[in-house]
Amino acid sequence: MPTMSNRVAPFGTTIFTEINQLALQHNAINLGQGRPDFDGPADVIEAAMKALQNGAVNNQYAPGLGAVPLRQAIAAHAQRFYNLPVDPNAGVVVTAGATEAVFSSVMGLIDRGDEVILIEPYFDSYVPNLVMAGATPIYVPLHPPTWTLDPDELKAAFNSKTRAIILNTPQNPTGRVFTREELTFIADLCKEHDVTVISDEVYEHLIFDSAQHIPIASLPDMFERTVTVSSLGKTFSVTGWKIGWVYGAPELIKGVNQAHQFITFAANHPGQIAAAYALSLPGTYFEEFQTMYAAKRDLMMSALKGAGLKARTPEGTYFVMADFSDVFDGDDLEFARYLTSEVGVACIPPTFFYSTEHAHMASTQARFAFCKSDGMLQQAAERLATLAR
Ligand SMILES: Cc1ncc(COP(=O)(O)O)c(C=O)c1O
């Protein structure tokens with residue numbers, strides 16, 4: 001009997017599937033997957049409904065690069081927030097979520113045998129993407145509890161075979177937002193070694209307190225060597241729509257589109273029309289969104305404290321990493337299974353976001369997602385408090 005390819009056989013099942021099933025089985029509050037339990041803004045949903053009903057055009061294939069109004073909105077958004085000069089005609093590709101945006105970037109910009117630097121812990125699709133492209137991941141860890149890079153370790157990862165680095169800021173799962181100083185250090189190494197940056201910025205609007213999101217493409221001489229990835233799902237609480245994009249210098253975007261045209265060809269058309277509307281919302285939308293999430297973050301932090309877990313306050317994203325070693329003897333997978341089945345709160349064991357070599361760094365950590373209604377977070381806090389007792 002024919003069976004799966006050697007390429008995908010080692011991938012296994014994602015940890016999210018196991019934890020989601022366990023959470024369902026035990027009726028646990030699911031703080032595992034980054035999936036809001038509340039709806040997106042009513043006017044954005046209304047824009048999608050209107051797009052669906054607005055004649056036949058929106059219900060047929062969109063142009064491969066993306067619907068014109070969305071490409072224009074993406075360029076205008078990059079100009080408005082970061083002063084970046086994105087060309088809506090040749091500098092943008094609209095994709096099926098950021099997941100496809102990263103995959104198309106990897107397939108379109110990286111050759112078999114190239115080395116690509118990944119910062120650990122990383123988003124879980126990056127490694128399979130590189131494996132499918134025949135590239136070699138080179139791992140550089142962020143060090144707990146501050147989740148910072150060791151400059152010497154990063155420097156040592158660059159060599160003549162390095163083709164690209166995949167960066168993610170604000171960072172899932174640590175909640176770090178890279179500073180200008182850190183980004184400048186990375187940018188200087190990329191320039192010195194002529195390396196491309198794939199910068200995954202899906203949490204660009206999820207920042208707290210005084211943190212500032214700086215796209216690495218906005219640093220001097222970086223625009224031409226960077227493709228920036230983002231998506232609608234996080235910023236507008238519509239993760240199910242899977243509308244994402246890549247923008248950057250036309251020479252790089254051409255490569256991304258060469259791959260994209262034979263992966264999905266085009267993303268869903270009505271969603272793109274609504275995305276154009278959403279990205280053009282006034283600044284107040286983005287401010288209120290941050291205020292809402294800052295309150296959720298504070299609820300989550302006090303829940304973790306009440307449970308006896310140690311966590312560094314995230315500067316961005318809707319995730320937090322917490323050290324459970326004061327309240328539980330065992331590794332992160334054992335803890336996640338225990339917490340889900342015995343305490344009734346699901347979390348994600350983060351060693352799955354590391355190479356085997358560095359996984360030990362997160363073996364007493366758990367990732368919690370706080371993109372949940374306040375009531376659910378309060379209920380989770382009550383359950384988590386039993387851990388400290
Ligand atoms: C860092 C990061 N990149 C990409 C994605 C995927 O985004 P999308 O749902 O738009 O494909 C996620 C979703 O959790 C993420 O956390």
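Procedures and definitions
Residues numbered from 1 in each chain as written. Predicted model: local features only at pLDDT ≥ 70, side-chain atom pairs only at ≥ 80, totals over all residues. Heavy atoms only, no water. Helix = DSSP H or I, 4+ residues; strand = E, 2+ residues; numbered from the N terminus. Rg over C-alpha atoms; globule rule 2.2 N^0.38 Å. Buried < 20%, exposed > 50% of the residue type's maximum accessible area, 1.4 Å probe, protein only. Contact = heavy atoms within 4.5 Å. Areas by Shrake-Rupley, 256 points an atom, 1.4 Å probe, with all protein chains shown as cover. Salt bridge = Lys/Arg side-chain N within 4 Å of Asp/Glu carboxyl O. Pairing = 2+ DSSP bridges. Near = heavy atom within 4 Å. Nonpolar A, V, L, I, M, F, W, Y, C, P; charged D, E, K, R; others polar. Expected span 1.5 Å × (residues − 1). Phe/Tyr/Trp six-rings, centres within 6.5 Å; stacked < 30°, edge-to-face > 60°. Axes fitted to C-alpha atoms, helices over the stretch in contact; angles between N-to-C directions. Parallel < 35°, antiparallel > 145°, perpendicular 65-115°, else oblique. Left-handed = near helix turned anticlockwise from the far one by under 90°.

Draft legend 1. Just the overall build of the chain, in detail. When you go through the chain residue by residue, the secondary structure sums to 13 helices and 13 strands. For 389 residues, the compact-globule estimate of 2.2 N^0.38 gives 21 Å, and the chain sits close to it at 21 Å. When its C-alpha atoms are laid out on the principal axes, the chain stretches across 60 × 55 × 50 Å. Put simply, the chain has 389 residues, and 56% of those count as buried. The long-range share in the chain, meaning contacts at least 24 apart out of those at least 6 apart in sequence, stands at 76%. Accessible surface, the chain: about 16,300 Å² in total, of which carbon and sulfur atoms supply 53%.

Draft legend 2. Seen up close, the pattern of salt bridges. Counted by the stated rule, this structure contains 13 salt bridges. Across the pair Asp194 and Arg225 runs a salt bridge, and its minimum N-O distance is 3.2 Å. Residue Asp194 is found in the loop between helix H7 (180-192) and strand S7 (196-200), and its partner Arg225 is found in the loop between S7 and strand S8 (226-231); the two are separated by 31 residues along the sequence. A residue is classified by how much of its surface remains accessible, and Asp194, at 58% relative accessible area, is exposed.

Draft legend 3. Expanded view of the pairing of strand S2 (residues 92-95). Every second residue of S2 is oriented toward a common face, with Val92 and Val94 on one face and Val93 and Thr95 on the other, all of them buried. Pairing of S2 with strand S9 (residues 244-248) involves four bridges; the strand directions are antiparallel. Within the sheet, the bridge partner assigned to Val94 lies in S9 and is Trp245.

Draft legend 4. Here's a closer look at the site of the ligand. Around the ligand, a shell composed of Gly97, Ala98, Thr99, Phe123, Asn168, Asn172, Asp200, Val202, Tyr203, Ser231, Lys234 and Lys242 is seen. In isolation the ligand offers 400 Å² of accessible surface; the protein chains occlude 91% of this area. The biggest single contributor to the shell around the ligand is helix H4 (residues 97-109), with three residues. Looking at the shell around the ligand residue by residue, the class counts come to four nonpolar, five polar and three charged.

Draft legend 5. Highlighting the environment of Val229. Summarising the element assignment, Val229 is placed in strand S8. Expressed as a C-alpha distance, the spacing of Val229 and Val202, which sit 27 residues apart in the sequence, is 6.8 Å. Apart from residues lying up to four places away in sequence, Val229 is in contact with Ala98, Ala101, Val102, Ser105, Ile198, Ser199, Asp200, Glu201, Val202, Trp245 and Val246.

Draft legend 6. Highlighting H4. Here H4 contains 13 residues, and its C-alpha end-to-end distance of 18 Å stays within 8% of the 18 Å for a straight helix at 1.5 Å per residue. Counting buried positions along H4 gives 10 out of 13 residues, so the element sits mostly inside the fold. If you check which residues of H4 are buried, you get Gly97, Ala98, Glu100, Ala101, Val102, Phe103, Ser104, Ser105, Val106 and Leu109.

Draft legend 7. View of the packing of aromatic side chains. Under the counting rule described, the total for this entry stands at 21 aromatic pairs. Pairing Phe81 with Phe286 gives two aromatic rings, centres 5.1 Å apart and planes at 70°, and the pair type is edge-to-face. Here Phe81 is found in helix H3 (residues 68-82), whereas its partner Phe286 is found in helix H11 (residues 283-306), with 205 residues between them in sequence. Classification of Phe286 by relative accessible area gives buried; the value is 3%. A ring pair is formed by Phe289 and Tyr293, whose centres lie 5.1 Å apart and whose planes are at 70°; its orientation type is edge-to-face. Note that Phe289 and Tyr293 are positioned in helix H11 at a spacing of four residues, about one turn of the helix. Owing to a relative accessible area of 4%, Phe289 belongs among the buried residues under this scheme. With a relative accessible area of 0%, Tyr293 lands in the buried category. Through a chain of ring-to-ring contacts, three or more aromatic side chains come together here, namely Phe38, Phe81, Tyr82, Tyr203, Phe236, Tyr285, Phe286, Phe289, Tyr293, Tyr318 and Phe319.

Draft legend 8. Structural detail: the packing of H3 against helix H10 (residues 269-279). Taken N-terminus to C-terminus, the directions of H3 and H10 make an angle of 25°; their axes are 8 Å apart at the nearest point. With respect to each other, H3 and H10 are oriented roughly parallel. Seen from above, H3 lies across H10 with left-handed handedness. Between H3 and H10, the residues in contact are Pro69, Leu70, Ala73, Ile74, His77 and Arg80 and Gln272, Ile273, Ala275, Ala276 and Leu279, respectively. Class assignment for the residues of the contact of H3 with H10 results in eight nonpolar, two polar and one charged.

Draft legend 9. Broad picture of the environment of Val116. Within the secondary structure, Val116 sits in strand S3 (residues 115-120). Along the sequence, Val116 and Ile216 sit 100 residues apart, while their C-alpha atoms lie 17 Å from each other. Val116 has contacts with Ile110, Leu130, Ala135, Thr136, Pro137, Ile138, Ala164, Ile165 and Ile166, leaving out every residue within four places of it along the chain.

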